[in-house]
Number of protein chains: 2
Amino acid sequence: MKNKKPINMPPNKSQYENCKIKQFDRALKLDSTEELKSLQIAYNTYGTLNKDKSNAVMVCHALTGDQYLIGHNPITNNGGWWELMVGSGKAVDTDKFFVICPNVLGGCAGTTGPSSLNPETARPYGLDFPVITISDMVRAQVMLLDYLGIDRLLTVMGGSMGGMQALCWAAEYPDRVAGCIPIASTWRHSAQNIAFHEVGRQAIMADLAWNKGNYYEKEQRPSAGLAVARMAAHITYMSEKTLTERFGRNLQDREKLGFGFDADFQIESYLRHQGISFVERYDANSYLYITRATDYYDLSAGHGSLSEAFEGTKTRFCVLSFDTDWLYTTQESRTLMRALNASKAHVSFADLSMDKGHDSFLLDCPEMFDMVSGFLSATMKSLDRGGNL
Amino acid sequence: MKNKKPINMPPNKSQYENCKIKQFDRALKLDSTEELKSLQIAYNTYGTLNKDKSNAVMVCHALTGDQYLIGHNPITNNGGWWELMVGSGKAVDTDKFFVICPNVLGGCAGTTGPSSLNPETARPYGLDFPVITISDMVRAQVMLLDYLGIDRLLTVMGGSMGGMQALCWAAEYPDRVAGCIPIASTWRHSAQNIAFHEVGRQAIMADLAWNKGNYYEKEQRPSAGLAVARMAAHITYMSEKTLTERFGRNLQDREKLGFGFDADFQIESYLRHQGISFVERYDANSYLYITRATDYYDLSAGHGSLSEAFEGTKTRFCVLSFDTDWLYTTQESRTLMRALNASKAHVSFADLSMDKGHDSFLLDCPEMFDMVSGFLSATMKSLDRGGNL
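Here the structure is a predicted model, which means the values were calculated and not measured.

### Remarks on the overall build of chain A
Alright, step 1. Per the secondary structure count, chain A includes eleven helices and 14 strands.
Alright, step 2. Since a compact globule built from 389 residues should have a radius of gyration of about 21 Å, the 21 Å found for chain A is in line with a globular shape.
Alright, step 3. Considering only C-alpha atoms, chain A reaches an extent of 65 × 55 × 40 Å along its principal axes.
Alright, step 4. Expressed as a percentage of its 389 residues, the buried residues of chain A come to 54%.
Alright, step 5. Nonlocal contacts in chain A, meaning residues at least 24 apart in sequence, comprise 72% of its contacts between residues at least 6 apart.

This is the structure we're talking about:
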């Protein structure tokens, strides 16, 4: 091995400046039966924890998200990814609630993942990082909650993979969550969901620069493969209608077809940009591990059936889907709702009408904000009345 | 350049054994304004041309299809790709009709394409091959029809990209087609259609072995990139229902999750197989050119509007779609039908109920066979009565 300074190894120092880091020097046992001997969790909190610690809301992020919910994000140099939902006077009101947002286990924004240093070798884990599950991500979040001294979350919530974590919390730690809001999410990854992720993984692994996961100390990263993976996934985040209305067959910076393989169409240019900008902020190995975790996710499998996963639960649920989401469809949320009904849980469900497909949960949807805000108030009131336990 | 025997250059000799080849030593002018100074077309015919040459049916193949409609296919070592539709006693009855199936321009099964020798350099074209359109494919087919001495086709038909060619025939050579059957097809490529193709092209071009299209004389082909492209496309050929029913979350050759990146799930194993077997029979550059041709396809653009494309046509149409096809949806076929109605064309339309998504046109669908068979008989009768001209 050449004596070269490790490069391309997220996260870098500047990322820590705008978040908190907690190092845990005890082991985390994983679903695979392997364990991480130590780990760190990067997270942000917003608002103030009240005296009886009853106003904590955990927001779990999606596949390639991070802990920067609001305010400056040093990775993207943009604002937070859920400023529309979270903040002073917003649905998740930081004047009322103490909001916690951790980077997921396996991620690349500060929480331990494949790009972190393996304490046993003092080199990046790469593929020596153990394969993790959504439950493992939640296990790490439980450690963080214990560290923060909070017994019970008012609500755990998230969109897409964030909703999967929220549902895992409710299924596996029912006493620790009064409310649960999965948005544009699902109770298990379908064959089509797995198929799209497998295309992405194959694209990364086909890139010679991937080098079986050992690229952190090399000049080259598997950027081309990761960009293709992102492009394929990005199509599933948008509705056909959005694509047609926003791009249609419009040409990019030209008046006629170019009769070549440059980006003639705006949609091509847009997708290429999505791919290229993604590789600047995300680690290819993390993409492998996190997509694998979602593919392994199936709440019904570990519990006999989906309704058994929530049997006897006192957690209140607010299940939200979008009518144009073809990645995690309304049908999946309806199946979840029926299972929750069968397990006699307290459930609200709404299928929200939005043009924009799966990504709608990140966008301006007043009906979603109203549902979330109302649900948080009702759950708080229910706790005040001594209910929900 | 090393003095090495060109390798990996389809088609090989054995492929010619089971088809006809016609060399044209005159120029084909292309939509790009470039021209091919000469070209060859590989094709098959089945059945017998009748005395007044009124029983010819041209079948146009889909994206990665070929001229081997029925009987032994020397490329795949399987049977023909439309044995369910074409043959003695089948819907396209070779006892009654003279069936012609040419490999498309730009393809890699014998018709001139990027893997063919460029007569000016005596080396494979690679990216020196001009970018072509669906109309250019049809122009080449017109040369073949002239050579065969046939003035008018009883019907031109095809599924998917085959349907695009059929519609181009009807729009651009209305006097030469009495009937037209586009199946599971569309009148223009949508933004989502283009997006999926762009992912495939980027996957190929990201493969270092692609080498800007110059790989025919190298040891390595861009197989990894082409396999990823095929995997992404293959997902769009199947309905979500098919994927769930056929694969679901079933594991492949194992009883438990493997906690690694091998193919745990049957759907992963299936997709990988689709990718790997595809690269054995298909040329990566042809994939670039043919997907580009479909992306450029928009019948409304060249004619003012879609209905103007068919104004005054005497061709009879039979438009068939499948209710679970999300690549070229029923909605697109309905739009086509309405445009044909507006141009006062004779149209039959059926949205067929099949579970299997886009690929249904290749499968056993008795209703489709009945529609095609009835349409061919009715068109033949209409000609006998002197109609349709």
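Next, the rest of the story.
### Quick word on the relation of the copies chain B and chain A
Alright, step 1. Overlay of chain B on chain A (RMSD 0.0 Å): rotation 180°, translation along the axis 0.0 Å. Expressed as an axis order, the relation between the two copies is that of a two-fold axis.
Alright, step 2. Interface overlap between copies is the fraction of interface residues in one copy that are interface residues in the other; for chain B against chain A it reaches 100%, indicating a shared surface.

### A closer look at the confidence of the model for chain A
The predicted coordinates should not be examined in detail at positions where pLDDT is low.
Residue and element names in this part refer to chain A.
Alright, step 1. For chain A, the mean per-residue pLDDT works out to 94, and 95% of the residues sit at or above 70.
Alright, step 2. Here residues 1-11 scores under 50 on pLDDT; set against residues more than four positions off or in separate chains, the count is 16 contacts.
Alright, step 3. The complex model carries a pTM of 0.94, and its ipTM stands at 0.93.

### Thoughts on the interface of chain B and chain A
Alright, step 1. Of the residues lining the interface, 41 residues belong to chain B; the matching set on chain A comes to 41 residues.
Alright, step 2. Among the elements of the structure, helix H4 (191-206), helix H5 (223-237), helix H6 (240-246), helix H7 (266-281) and helix H8 (284-296) of chain B are those that each provide at least two residues to the side of chain B that touches chain A.
Alright, step 3. Top contributing element to the side of chain B that touches chain A by residue count: H4 of chain B, with eleven residues.
Alright, step 4. Here the side of chain B that touches chain A is built from residues that sort into 24 nonpolar, eight polar and nine charged.

### What about the sheet that holds strand E1 (residues 20-24) of chain A?
All names here are of chain A.
Alright, step 1. Strand order across the open sheet formed by eight strands is E1-E4-E8-E5-E11-E12-E13-E14, with mixed pairing between neighbours. Each end of this open sheet is capped by a strand with a single partner; those strands are E1 and strand E14 (346-352). Across the sheet, the axes of successive neighbouring strands diverge by a mean angle of 20°, strand direction being ignored.
Alright, step 2. Where strand E12 (residues 177-183) lies against strand E13 (residues 316-322), three bridges are found, and the strand directions are parallel. Following the sheet pairing, Ile183 is matched in E13 by Leu320.
Alright, step 3. Seen against the sheet, helix H3 (residues 161-172) touches strand E5 (56-60), strand E11 (153-159) and E12 and runs at an angle of roughly 150° to E12.

### Considering the pairing of E5 of chain A
Residues and elements named next belong to chain A.
Alright, step 1. Taken across its five residues, E5 has five buried, putting it largely inside the fold.
Alright, step 2. Burial of the side chains of E5 extends over both faces: Ala56, Met58 and Cys60 are buried on one face and Val57 and Val59 on the other.
Alright, step 3. With three bridges joining them, E5 and strand E8 (residues 98-102) adopt parallel strand pairing. Paired with Ala56 across the bridge in E8 is Phe98.
Alright, step 4. With four bridges joining them, E5 and E11 adopt parallel strand pairing. If you follow Cys60 over to E11, its bridge partner there is Gly158.

### Regarding the packing of helix H2 (residues 134-147) of chain B against helix H3 (residues 161-172) of chain B
Helix-helix packing is described using two parameters, namely the angle between the two axes and the distance between the axes.
All names here are of chain B.
Alright, step 1. Relative orientation of the contacting elements H2 and H3 amounts to 75°, with a least axis distance of 9 Å. One element, H2, and the other, H3, form an angle in the roughly perpendicular class. Together, Ile134, Ser135, Met137 and Val138 of H2 and Met164, Gln165, Cys168, Trp169 and Glu172 of H3 make up the contact between the two elements.
Alright, step 2. Considered class by class, the residues forming the contact of H2 with H3 number six nonpolar, two polar and one charged.

### What to know about unusual backbone geometry
Residue and element names in this part refer to chain A.
Alright, step 1. Phi is positive for Asn77, close to 55°, though the residue is something other than glycine.
Alright, step 2. Within the secondary structure, Asn77 sits in the loop between E5 and strand E6 (86-87).
Alright, step 3. The class of Asn77 is exposed, set by 8 C-beta atoms lying within 10 Å.

### Details of the packing of helix H7 (residues 266-281) of chain A against H4 of chain B
Alright, step 1. Closest axis-to-axis distance for the H7 of chain A/H4 of chain B pair is 9 Å, and the angle between their directions is 50°. Considering their axes alone, H7 of chain A and H4 of chain B lie oblique with respect to each other. In this structure, H7 of chain A crosses over H4 of chain B, and the sense of that crossing is right-handed. Contact residues: Ile267, Glu268 and Leu271 of chain A in H7 of chain A; Ala191, Ile194, Ala195 and Glu198 of chain B in H4 of chain B.
Alright, step 2. Each residue belonging to the contact of H7 of chain A with H4 of chain B can be placed in one class, and the counts come to five nonpolar, no polar and two charged.

### Some words on the domain arrangement of chain A
Residue and element names in this part refer to chain A.
Alright, step 1. According to the domain assignment, chain A contains domain 1 (13-189 + 298-384) and domain 2 (193-293).
Alright, step 2. Taking the mean C-alpha position of each, domain 1 and domain 2 sit 25 Å from one another.
Alright, step 3. The interface of domain 1 with domain 2 comprises 29 residues on the first partner and 21 residues on the second.
Alright, step 4. Of the residues in the side of domain 1 that touches domain 2, the class split is 14 nonpolar, twelve polar and three charged.

### A few points about the environment of Leu226 of chain A
Residues and elements named next belong to chain A.
Alright, step 1. Along the chain, Leu226 turns up in helix H5 (residues 223-237).
Alright, step 2. Separated by 113 residues in the primary sequence, Leu226 and Gly113 have C-alpha atoms spaced 17 Å apart.
Alright, step 3. Discounting chain neighbours no more than four positions away, the residues touching Leu226 are Ile204, Phe278, Val279, Tyr282, Ala284 and Tyr287.

### Some thoughts on H7 of chain B
Two residues of an α-helix separated by three or four positions point the same way, owing to the 3.6 residues in each turn.
Alright, step 1. With 16 residues, H7 of chain B extends 23 Å from end C-alpha to end C-alpha; this agrees with the ideal 22 Å at 1.5 Å per step.
Alright, step 2. Inspection of H7 of chain B places Ile267, Glu268, Tyr270, Leu271 and Gly275 of chain B among the buried residues, and these make up the whole buried set. In an axial view of H7 of chain B, the angular spread of the buried residues amounts to 165°, which keeps them on one side of the axis.
Alright, step 3. Those residues of H7 of chain B that are buried are in contact with helix H4 (191-206) of chain A together with H5 and H6 of chain B.

### Quick look at the sheet that holds strand E14 (residues 346-352) of chain B
Residues and elements named next belong to chain B.
Alright, step 1. Taken together, eight strands build an open sheet; the order of strands is E1-E4-E8-E5-E11-E12-E13-E14 and the sheet is mixed. The open sheet is flanked by strand E1 (20-24) and E14, the only strands paired with a single partner. The sheet shows a mean angle of 20° between the axes of neighbouring strands, taken without regard to direction.
Alright, step 2. Taken together, the seven bridges between strand E13 (residues 316-322) and E14 define a ladder with parallel strand orientation. Bridge pairing in E14 places Ser321 opposite Asp351.
Alright, step 3. Along the sheet, helix H10 (residues 366-384) contacts strand E11 (153-159), strand E12 (177-183), E13 and E14; its crossing angle with E12, the most-contacted strand, is approximately 170°.

### Overview of the pairing of E8 of chain A
Residues and elements named next belong to chain A.
Alright, step 1. Counting buried positions along E8 yields five of five residues, so the element is predominantly enclosed.
Alright, step 2. Along E8, one buried face is formed by Phe98, Ile100 and Pro102 and the opposite face, lined by Val99 and Cys101, is buried too.
Alright, step 3. As paired strands, strand E4 (residues 39-46) and E8 are joined by four bridges and run antiparallel to one another. Its bridge partner lying in E8, Asn44 is registered against Cys101.

What counts, and at which threshold
- Residues numbered from 1 in each chain as written.
- Chains lettered and ligands numbered in written order.
- Predicted model: local features only at pLDDT ≥ 70, side-chain atom pairs only at ≥ 80, totals over all residues.
- Helix = DSSP H or I, 4+ residues; strand = E, 2+ residues; numbered from the N terminus.
- Rg over C-alpha atoms; globule rule 2.2 N^0.38 Å.
- Buried ≥ 20, exposed ≤ 12 C-beta atoms within 10 Å, placed from the backbone.
- Contact = placed C-beta atoms within 7 Å.
- Least-squares fit on C-alpha atoms with pLDDT ≥ 70 in both.
- pLDDT = per-residue confidence, 0-100.
- Nonpolar A, V, L, I, M, F, W, Y, C, P; charged D, E, K, R; others polar.
- Pairing = 2+ DSSP bridges.
- Axes fitted to C-alpha atoms, helices over the stretch in contact; angles between N-to-C directions.
- Parallel < 35°, antiparallel > 145°, perpendicular 65-115°, else oblique.
- Left-handed = near helix turned anticlockwise from the far one by under 90°.
- Domains from an automatic or database assignment.
- Expected span 1.5 Å × (residues − 1).
- Arc of directions from axis to C-beta.

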